[in-house]
Amino acid sequence: MMGFIKKDLLLVKKNLKTLIVIAALFIFMAIQNIFDLSVVLPVMGLMVFISTFSYDDYNGFNSYVVGMPNGRKNAVKAKYVSSVILGVILLILSVLIFYFTKTINNEQVSYNDIKSIAITSFLSISIIIAFMYPVIYKFGATNGRIWIFIIVFLIFGLFALLNRFVNLNNIVNLFNQIEHCNIILIIIISFLILLLSYKISHFIYKNKEF
């Protein structure tokens, strides 16, 4: 599995310039108080990571994996582990940039500010991974993106429809309270979400023919 993790992270390294440009852009915007990049950078990094699925399809990686002992299981597990590693690295970078930009602007940085960034970013990454990866494994890298767009569009449409008949403010307030939760609790919740998603992705990939 370590070989698969290194492979994914090396593929991300090819897009390092993209991440640097994104980071530089949001640093500038944060210094100017135009935009807060605290959650954006890890999420954008995850979007870059998703390109590894396209590389795998293009290079026939899946056909190579099926001939290895526990190849499918390790390949799926490596995707999740690599994603979390990249997400944590970018989360730490986001916190450092947040502290740097606030210091430049002579603003105070509290523990609660950093905690809020960590919780929001990590939970956002976990939910995105948990939602997108099973879809990509089911429909492929190219068609998966289309289905993700369709599903997200339907979800927003459903919420817009429900909002006409049900007051959704309580749900919104619930999400606003997440940043006040215990970090350990958020890590446990994120782990359970990712574990469930991994089980689904592995089941899909295990039964897929290449």
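For the structure, see preceding data.
Residues numbered from 1 in each chain as written. Predicted model: local features only at pLDDT ≥ 70, side-chain atom pairs only at ≥ 80, totals over all residues. Heavy atoms only, no water.

## Remarks on the packing of helix α6 (residues 71-104) against helix α10 (residues 183-206)
In step 1: Closest axis-to-axis distance for the α6/α10 pair is 9 Å, and the angle between their directions is 145 degrees. Pair α6 / α10 crosses with right-handed handedness. On the side of α6, the interface is formed by Arg72, Lys73, Ala75, Val76, Lys77, Tyr80 and Val84, while α10 contributes Leu194, Ser197, Tyr198, Ser201, His202, Tyr205 and Lys206.
In step 2: In terms of residue class, the contact of α6 with α10 is made up of 7 nonpolar, 3 polar and 4 charged. (Axes fitted to C-alpha atoms, helices over the stretch in contact; angles between N-to-C directions. Helix = DSSP H or I, 4+ residues; strand = E, 2+ residues; numbered from the N terminus. Left-handed = near helix turned anticlockwise from the far one by under 90°. Contact = heavy atoms within 4.5 Å. Nonpolar A, V, L, I, M, F, W, Y, C, P; charged D, E, K, R; others polar.)

## Here we look at the nonpolar core
In step 1: Residues Phe53, Tyr80, Ile129, Tyr133 and Tyr137 are the most contacted members of the largest nonpolar core, which totals 38 residues.
In step 2: Contributing elements (two or more residues each) for this core: α1 (2-14), α2 (16-31), α3 (40-49), α5 (61-65), α6, α7 (111-139), α8 (141-165) and α10.
In step 3: If you tally residues by element for this core, the top one is α7, at 8 residues.
In step 4: Among residues more than four places away in sequence, those in contact with Tyr80 are Ile129, Tyr133, Pro134, Leu194, Ser197, Tyr198 and Ser201.
In step 5: Grouped together as the second largest cluster of nonpolar side chains are 6 residues, Leu91, Phe98, Ala118 and Phe122 included. (Core = buried A, V, L, I, M, F, W, Y, C linked by side-chain atoms within 4.5 Å. Buried < 20%, exposed > 50% of the residue type's maximum accessible area, 1.4 Å probe, protein only.)

## Here's the deal with α7
In step 1: The end-to-end C-alpha distance of α7 is 42 Å, a good match for the 42 Å that 29 residues give at a rise of 1.5 Å each.
In step 2: At the C-terminal side of α7, Gly140 shows a positive phi close to 95 degrees. (Expected span 1.5 Å × (residues − 1).)

## Some remarks on the packing of aromatic side chains
In step 1: Overall, the coordinates contain 7 aromatic pairs when judged by the stated rule.
In step 2: Ring geometry for Phe4 against Phe61: centres 5.5 Å apart, planes inclined by 85 degrees, an arrangement best described as edge-to-face. Of this pair, Phe4 sits in helix α1 while Phe61 sits in helix α5, and the two are 57 residues apart along the sequence. In this structure, Phe4 and Phe61 share a single accessibility class: buried.
In step 3: Seen in terms of ring centroids, Phe53 and Tyr137 are 5.3 Å apart; in terms of plane orientation they differ by 80 degrees. Their pairing is edge-to-face. A residue pair is termed long-range when its members are at least 10 positions apart, and Phe53 in helix α4 (residues 51-58) and Tyr137 in helix α7 qualify at 84 residues.
In step 4: Assessed through its relative accessible area of 6%, Phe53 is described here as buried.
In step 5: Given the relative accessible area of 7%, Tyr137 is considered buried.
In step 6: Among the aromatic residues, those joined into a ring-pair cluster are Phe53, Tyr80, Tyr133, Tyr137, Tyr198 and Tyr205.
In step 7: Taking the ring centre of Tyr205 as reference, the NZ or CZ of Arg72 above it sits at 5.9 Å. (Phe/Tyr/Trp six-rings, centres within 6.5 Å; stacked < 30°, edge-to-face > 60°. Lys NZ or Arg CZ within 6 Å of the ring centre and 35° of its normal.)

## Observations concerning the side chain of Ser51
In step 1: As for its position among the elements, Ser51 is in helix α4.
In step 2: Engagement of the side chain of Ser51 in a polar contact is seen with the backbone oxygen of Val48, the distance being 2.5 Å.
In step 3: Every residue in contact with Ser51, bar those within four places of it in the chain, is listed here: Asn15 and Arg145. (Polar contact = N/O pair within 3.5 Å; in protein donor to acceptor, adjacent residues only side chain to side chain.)

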